[in-house]
Amino acid sequence: QLVPQQKLLTWLSVLECVEVFAEMGTARVLGEMGRWTIIVLIQLAKAILRLLLLLWYKAGIQTSPPIVPLNRKQQQPLHPQDMEDSSSGKDQTYIGKRSSRVVRSLQSTPSLLSRHWGSPQQREESQSRRAEEMNQPPTPLGLQETIAESIYVTRPLLHLLSLGLCGQRSWKPWLFSAVLDISSLSLLSDLKDLNRRERAELKRRTILLLYYLLRSPFYDRYSEGRILFLLRLLADYVPGVGYVTRPLMDYLPAWQKIYFYNWG
């Protein structure tokens, strides 16, 4: 069962990686109609994959990204010299007689590329703790939590449907999407004993509610002028900040028009 589930997670990760490129490329080649077609197809594919993971494989609260990126520093294998020393029985640490401080012995010091600033015990504990967190099973969801997660999964499709019915300038899609997001978070708030990844995901979804300030039509009517005024104020009166805020002011209008940047 894990192999098909891992394949679904892989395809979901691929879609999330290429969705912005697909939207921009299709818009350039096929125009606005083609852009919205590819948006609907990608969101439909993502919703189907997520519903399969939720309802069939009982994957619980789904995180973003679906597959945790590999931390190469944490997964870095031991230096060959370390392996030789451990196999030959050499002590990798030295304990001070007065301070009882554990330090690495000079004989087992690795190269600069694989060196870490801590005792081997600390590194092993960190790696084992991270591996334990990654291998924690998903928290089982009851009926209420399953409905809440289903709302979150299908929200992009319902938002696109409301856009098609009411138009892009209407407030109804914006309000409808906000109600769905808040309802999903409210229903999931009663869930206890979440693992570390699931707690981080709920916190991420809560923070992403701020995106509604950057989503049309709220952005067009209220946020745009205030945000640009604040960025311009920072650029003019705070030394050094202009190197960040001025390119951001130029980039913000283009970013705001890409659907997958602010709605995906």
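Throughout what follows, the structure given in this document is the object of discussion. (Residues numbered from 1 in each chain as written. Predicted model: local features only at pLDDT ≥ 70, side-chain atom pairs only at ≥ 80, totals over all residues. Heavy atoms only, no water.)

### A few points about the overall build of the protein
No. 1: Secondary structure summary: the protein contains ten helices and two strands in total.
No. 2: Helices and strands in the protein line up, N terminus first, as α-α-α-β-β-α-α-α-α-α-α-α.
No. 3: In the protein, which comprises 264 residues, the share counted as buried stands at 35%.
No. 4: Contacts in the protein between residues far apart in sequence, at least 24 positions, make up 71% of those at least 6 positions apart.
No. 5: Surface accessibility of the protein: about 17,400 Å² in total, with carbon and sulfur atoms responsible for 63%. (Helix = DSSP H or I, 4+ residues; strand = E, 2+ residues; numbered from the N terminus. Buried < 20%, exposed > 50% of the residue type's maximum accessible area, 1.4 Å probe, protein only. Contact = heavy atoms within 4.5 Å. Areas by Shrake-Rupley, 256 points an atom, 1.4 Å probe, with all protein chains shown as cover.)

### Brief notes about a nonpolar patch on the surface
No. 1: A contiguous nonpolar surface patch, about 590 Å² in accessible area, is contributed by Phe229, Leu230, Leu233, Leu234, Tyr237 and Val238.
No. 2: By secondary structure assignment, the location of Val238 is in the loop between α8 (218–237) and α9 (242–257). (Patch = residues over 30% accessible without salt bridge, like charges linked within 9 Å, V, L, I, M, F, W, Y side chains within 5 Å. Salt bridge = Lys/Arg side-chain N within 4 Å of Asp/Glu carboxyl O.)

### Concerning the nonpolar core
No. 1: Grouped together as the largest cluster of nonpolar side chains are 14 residues, with contacts concentrated most on Trp36, Ile39, Leu160, Tyr259 and Phe260.
No. 2: Put simply, the parts of the chain that give this core at least two residues each are α1 (2–56), α5 (143–166), α6 (172–188) and α10 (259–262).
No. 3: Ranked by residue count, the leading element in this core is α1, at five residues.
No. 4: A domain-level breakdown of this core finds at least three residues from each of domain 1 (2–63 + 139–216) and domain 2 (222–262).
No. 5: Not counting chain neighbours up to four residues away, the residues in contact with Tyr259 comprise Glu23, Arg35, Trp36, Ile39, Gln43, Pro156, His159, Leu160, Leu163 and Gly264.
No. 6: Judged by nonpolar contacts, the second largest core, of eight residues, contains Leu12, Leu49, Leu53 and Ala59. (Core = buried A, V, L, I, M, F, W, Y, C linked by side-chain atoms within 4.5 Å. Domains from an automatic or database assignment.)

### Digging into α6
No. 1: For α6, with 17 residues, the first-to-last C-alpha span of 24 Å sits near the 24 Å given by 1.5 Å per residue.
No. 2: Where α6 is buried, its residues contact α5, α7 (196–207) and α8. (Expected span 1.5 Å × (residues − 1).)

### Some remarks on the packing of aromatic side chains
No. 1: With the rule as written, the count across this model stands at eleven aromatic pairs.
No. 2: When the centroid spacing of 6.2 Å and the interplanar angle of 85 degrees are considered together, the rings of Trp171 and Phe218 count as edge-to-face. In this pair, Trp171 is assigned in the loop between α5 and α6 and Phe218 in helix α8, connecting sequence segments 47 residues apart.
No. 3: Assessed through its relative accessible area of 21%, Phe218 is described here as partly exposed.
No. 4: A ring pair is formed by Trp174 and Phe218, whose centres lie 5.4 Å apart and whose planes are at 5 degrees; its orientation type is stacked. Within this pair, whereas Trp174 is found in helix α6, its partner Phe218 is found in helix α8, the two being separated by 44 residues in sequence.
No. 5: Residue classification places Trp174 among the buried positions, given a relative accessible area of 13%.
No. 6: The structure contains a cluster of three or more aromatic residues connected by ring pairs, namely Trp171, Trp174, Tyr212, Phe218, Tyr222 and Trp263. (Phe/Tyr/Trp six-rings, centres within 6.5 Å; stacked < 30°, edge-to-face > 60°.)

### A few points about α9
No. 1: Taking 1.5 Å of rise per residue, the 16 residues of α9 would be expected to cover 22 Å, and the 23 Å separating its terminal C-alpha atoms lies within 8% of that figure.
No. 2: Of all the bends in α9, the greatest reaches close to 40 degrees and is centred on Tyr251; the proline Pro253 follows between one and four positions later.
No. 3: Buried within α9 are the following residues: Gly242, Thr245, Met249, Leu252, Trp255 and Gln256.
No. 4: On its buried face, α9 is in contact with α8 and α10. (Bend = angle between axes of the 7 residues up to and from the residue.)

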